[in-house]
Structures are given as structure tokens and as C-alpha cells.
Number of protein chains: 2
Amino acid sequence: MVQTRREKLRETTVEEIKAVARRQMGEQGGANLSLRAIAAEMGMSAPALYRYFDNRDKLVTALIVDAYNSLADFMVASTGQIANDAYGKLFLAKCLAFREWALFNREQFILIFGTPIPGYHAPPEITTPAAWRSNSQFMQILDDAWKAGRISIPTEYQGLTSPLHLKLVEIFKQRDYDMPAPLIHIAMAGWGVIQGLVSLELYGQMDYFGESDTALYQLECIAYLKRLGLET
Amino acid sequence: MVQTRREKLRETTVEEIKAVARRQMGEQGGANLSLRAIAAEMGMSAPALYRYFDNRDKLVTALIVDAYNSLADFMVASTGQIANDAYGKLFLAKCLAFREWALFNREQFILIFGTPIPGYHAPPEITTPAAWRSNSQFMQILDDAWKAGRISIPTEYQGLTSPLHLKLVEIFKQRDYDMPAPLIHIAMAGWGVIQGLVSLELYGQMDYFGESDTALYQLECIAYLKRLGLET
DNA sequence: ATAATTTAGCTAACAATGTTAACTAAAGCA
DNA sequence: TGCTTTAGTTAACATTGTTAGCTAAATTAT
């Protein structure tokens, strides 16, 4: 598929629109990104943007997909130096990368994990695969560690079964993750902790606990891994 | 402080405005609450609302405070039948109440814990005390249980210290919570888990794991309590 | 009771927003 | 060269929050 000159120009314009949108979100904050403001900064009229995105929601969706990919790339890059079987170290590095990306890409994090923009609902068939790219990285490590026999499931999780667990196992099998129910449960809980702590910190809901600090977050990640028998 | 007739009328109008706002948020969804729509439903003109709230943000703040109080009340009511020293049961009941309130008051939950409404920033001096009313309930139980010697701090947390921990201890002392650093840490992590899991569920970020279910959440709460040596 | 004042509401208007319609000029292709 | 597609324009509409200026009612003071 060769790109014609026109297609190339079009693509750079699309990228510029998204870049300007991201910058403006970062500056004047959050969800009130304005097509008109974007157009103005680019020196063109607002309706011209409709040549590139059907409507505002399509633009938002594109930004969300980009954000997911940016996060996923950042997480992948964070484990470059670490041995493939140092599961605890790998997991911790990705946890810290997750938070770091969130802090340095506030608006994009909010775009992904925060309240949907007013009136906007993400089309799952587009955003779900993009989302999976980042959070499956945690799953992957746990799966690898499990297969290598390095994970010990804490007693409080052993023997816990429910219809939901069986269903979860099925869903994960479809994605080639052959993990026992308690481990899936642990993984999801971990995901909840990570996302929850970062969200609390980012939304300022932890402000009355004092200023933000890596230490608390890191300690919690380490504690989580220790519980699974993974050293860092 | 006797209320004059005028003040009473005014108060009922204020309450009606908030009620209509809540209903409309619940119906047509989230953050796009419209002063004009509220006014229209109440059979008055939009500018009339400015007699009751200086601007939209003030209205939002009032809704947030109400939401916090509603949540706090619901949590308080959830433990009516439970013995004062059944700490695990108390904590679990409040956890379940938290999620239940969130599911049945979606928009209000989002208002509190989600991304701030576009352009809106909550004044901390008003919202923080209201927030504390709900989440201190978790703290209170842990504090009571700790003083009763019923909590055993897991090994992975013991001996973890940091400047942040010392600061946290100070902050909590100011609020009359005399808890050791690791316990505070555990409490905050628990808060992260609870809020994180409910958020994930509510924002549909867990949809690819299957439909929502009380079981997963409840199991995670129980596991958390077990880790502290609290039976449910 | 009458006069003064405060309050609750109105309409009109302004500056934004997303979006559509109708049109123009340029680029690419037969 | 002529036809079609594309990128852009301006004008306009229906929304939004908000301010200004006015009216009529309710309360308070004389």
C-alpha cells in the first residue's frame, strides 16, 4: 500500500490536529478541548476539521487510542534492562512506569481512566484492544511467573471459588492466558490497587494525606509482589 | 436562629434546584448538567438560578457536598445491626455499602471520585471535610480494631519506614488517629483498592473481564481483611 | 398604613461551543 | 484539456454559561 502525496499530507495534518489537541488539553485542562480553538491555533477554520474527523467524538477516540499506545510503549520500554525471569523486578518496573506516565501525561491519563467526557461514549471495539495492550503486560508477567512456578498464591485466596471465577478463567483462556482462578483474581485486584492509587493521587483525593510521593506507591507495589512470593 | 418565611422558601427552592440537577444528571448523563435545562424544568428562566447560586461551579460544589454526605450516611446506616467489636464484619459492610451506593448513585459517584467537570475545580476547604466524613469511617474501624489488639500487621509491611510514613503519622495524629505507620499505609492501600475496583467497574474498564459482579469485589475485601487478621 | 428596601423573577443580549449547508479553489487523474 | 475529488472557506443555527437592566412582589422601617 503505497502512500500518495495527498495521503501523506493528510496524515501529517491529522497528526498535527491531535498534537495541538493534546497540548491544549494539557494547558487549559481536561475535557474542554475545543475544536474551534484547535482550528484557530492551526490557522484554519473550525469546519475544516471535519474533513479529518467526522465529529468531536471521533477525535476524542483517536486521542484515547494514542494515549493507550503511548502508555503501552512507555511500559514496554521500562523493562529494557531487566532479566526476563526477574518477574518481581519486571512487574515493579512496569508499575512505576505506569505511575510515571500518568504523572507526566496527566490529561491523557484522565482521558483514558477518568470519567468519560460529557456526552462521549467510547466505542469498545476500538478502545478495548488498545487498553488491553497496556494492562495485559501485567498479566503477561504474572502468567510467565506462574508457569515458571515462582508464584505462591496466598492462603487467603486459596479455595475461593465462585461462578464468576470460572467465567473469568474462560475469558482469559480465550486470550491465551492459562491461569488458575485465584491468580486471575489477584491480578485484577492488583490492577485495581495500581489504578486506584494513581487515580487518588492524580485527582488530588489524597491531598489531605500530604503531598504525593513515590514511596507510598512503590511500597504498596512491593508489598503486593511479596504477597505472591515475588522478590524485587 | 429562627428561619423567616422567606428563608424557608429560599431553602426549599435551593433543594429543588439540586434535586432537579441530580435527576437530570442521572438521566441524560454526567457532567453536562445545564442550568438552562434545570430552569426550564422548574418553569423559570435560567438567570433566575443566579439568585441561588453565584455560578455553575457553586452549584456543582453544593452537589458534591451533598453526594459526600449521602455516601457517608449510607455507610453509617449499613452497620446498624453489627456488634461494635466485630471489626471485620463492620469493615466489610461498609465496603459493600460503598460499592452499592456507587452503583445506585452513578452520577454522584462520578461527581465525587471521577474527573472534575470541565473547567471546574473543587474548593478543598469545602469538599475535603465532606470527603473525610465518609472515608474516615474505614479509618475509624481500623483504629478501633488496632486499639483492641485485633489487627496483626502482615510481615511484608513490618519494618517498612520512610520519611513519608513519619509525615503520615503526624497528619493522622492531628485528626486523633494514633496509628502506627504501617497500619496507615495498609489503610490507604485498602482505600485505593476499594475505590479502584469500584471505579474500574463503574467506568466499564472491567467490561472485558465480564459483567460486573459483587462476588469479585466482596472476595477482595475479605482477602484484604484476612490479611490483617480480621475475620468476617 | 404608608414608604423604603430588599428580593425573586423576567427579557434581551454577548460570547462561546459543536455542527451543517453551500460554495470556492486547488490538486490529481482520465 | 476536462472531470472529479479534496481541502478549505464563510454564513448560519442551536446550544451553552453569564451579565445588565428592568419589574413586581414581599418584607421591613417609619
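Structure: above.
Attention here is on the structure that accompanies the text. (Residues numbered from 1 in each chain as written. Chains lettered and ligands numbered in written order. Predicted model: local features only at pLDDT ≥ 70, side-chain atom pairs only at ≥ 80, totals over all residues. Heavy atoms only, no water.)

Digging into the protein's contact with DNA strand D
Not every one of the 20 residues close to DNA strand D is listed here, only the nearest: A:Ser45, A:Arg51, A:Tyr52, B:Arg36 and B:Arg56. In this structure, a phosphate oxygen belonging to DNA strand D sits 2.6 Å away from a side-chain N or O atom of A:Ser45. A distance of 2.8 Å is found between a phosphate oxygen of DNA strand D and a backbone nitrogen or oxygen belonging to B:Leu35. Looking at the surface near DNA strand D, the elements that each hand over two or more residues are α1 (5-28) of chain A together with α1 (5-28) and α2 (35-42) of chain B. Across the surface near DNA strand D, the residue classes break down as eight nonpolar, four polar and eight charged. (Near = heavy atom within 4 Å. Polar contact = N/O pair within 3.5 Å; in protein donor to acceptor, adjacent residues only side chain to side chain. Helix = DSSP H or I, 4+ residues; strand = E, 2+ residues; numbered from the N terminus. Nonpolar A, V, L, I, M, F, W, Y, C, P; charged D, E, K, R; others polar.)

Comments concerning the protein's contact with DNA strand C
Residues in contact with DNA strand C amount to 20 residues; listed here are only the nearest, A:Leu35, A:Arg36, B:Ser45, B:Arg51 and B:Tyr52. Each atom of DNA strand C within 4 Å of the protein was assigned to sugar, phosphate or base; sugar and phosphate come to 56%. A:Leu35 places a main-chain nitrogen or oxygen 2.8 Å from a phosphate oxygen of DNA strand C. Take A:Tyr50: an N or O atom from its side chain is 2.9 Å from a phosphate oxygen of DNA strand C. Residue composition of the surface near DNA strand C, by class: eight nonpolar, four polar and eight charged.

Concerning the pattern of salt bridges
Summed over the entire model, instances satisfying the criterion amount to 20 salt bridges over all chains. Close ionic contact of A:Arg22 with A:Asp66 constitutes a salt bridge, the shortest N to O distance being 3.3 Å. Of this pair, A:Arg22 sits in helix α1 while A:Asp66 sits in helix α3 (residues 56-77), and the two are 44 residues apart along the sequence. You can call A:Arg22 partly exposed: its relative accessible area is 23%. Notably, a salt bridge pairs B:Asp143 with B:Lys147, separated by 2.9 Å at the nearest N-O pair. Here B:Asp143 and its partner B:Lys147 are both found in helix α6 (residues 124-147), four residues apart, which amounts to about one turn of the helix. A single network of salt bridges, built from pairs that share partners, joins A:Glu15, A:Lys18, A:Arg22 and A:Asp66. (Salt bridge = Lys/Arg side-chain N within 4 Å of Asp/Glu carboxyl O. Buried < 20%, exposed > 50% of the residue type's maximum accessible area, 1.4 Å probe, protein only.)

Quick word on helix α8 (residues 181-202) of chain B
Helix length check: α8(B) (22 residues) gives 31 Å between terminal C-alpha atoms against 32 Å at 1.5 Å per residue, within 8%. When you tally the buried positions in α8(B), you get 22 out of 22 residues, the bulk of the element. (Expected span 1.5 Å × (residues − 1).)

Things to note about the nonpolar core
Within the largest apolar cluster, 156 residues are counted, with the highest numbers of intra-cluster contacts made by A:Phe91, A:Phe98, A:Phe109, B:Ile38, B:Phe91, B:Phe98 and B:Phe109. What B:Phe98 contacts, discounting residues up to four positions off in sequence, is B:Leu71, B:Met75, B:Phe109, B:Phe113, B:Phe138, B:Trp191, B:Ile194, B:Gln195, B:Val198 and B:Tyr217. (Core = buried A, V, L, I, M, F, W, Y, C linked by side-chain atoms within 4.5 Å. Contact = heavy atoms within 4.5 Å.)

Here we look at the packing of α6(B) against α8(B)
Think of two packed helices as two axes; the pair is described by the angle between the axes and how far apart they sit. Residues and elements named next belong to chain B. The N-to-C vectors of α6 and α8 enclose an angle of 140°; their axes lie 11 Å apart at closest approach. Relative to α8, α6 is oriented oblique. α6 and α8 meet at a crossing whose hand is right-handed. Contact with α6, carried on its side by Asn135, Phe138, Met139, Leu142 and Trp146, involves Leu183, Ala187, Trp191 and Ile194 of α8 and no other residues of that element. Looking at the contact of α6 with α8 residue by residue, the classes come out as eight nonpolar, one polar and no charged. (Axes fitted to C-alpha atoms, helices over the stretch in contact; angles between N-to-C directions. Parallel < 35°, antiparallel > 145°, perpendicular 65-115°, else oblique. Left-handed = near helix turned anticlockwise from the far one by under 90°.)

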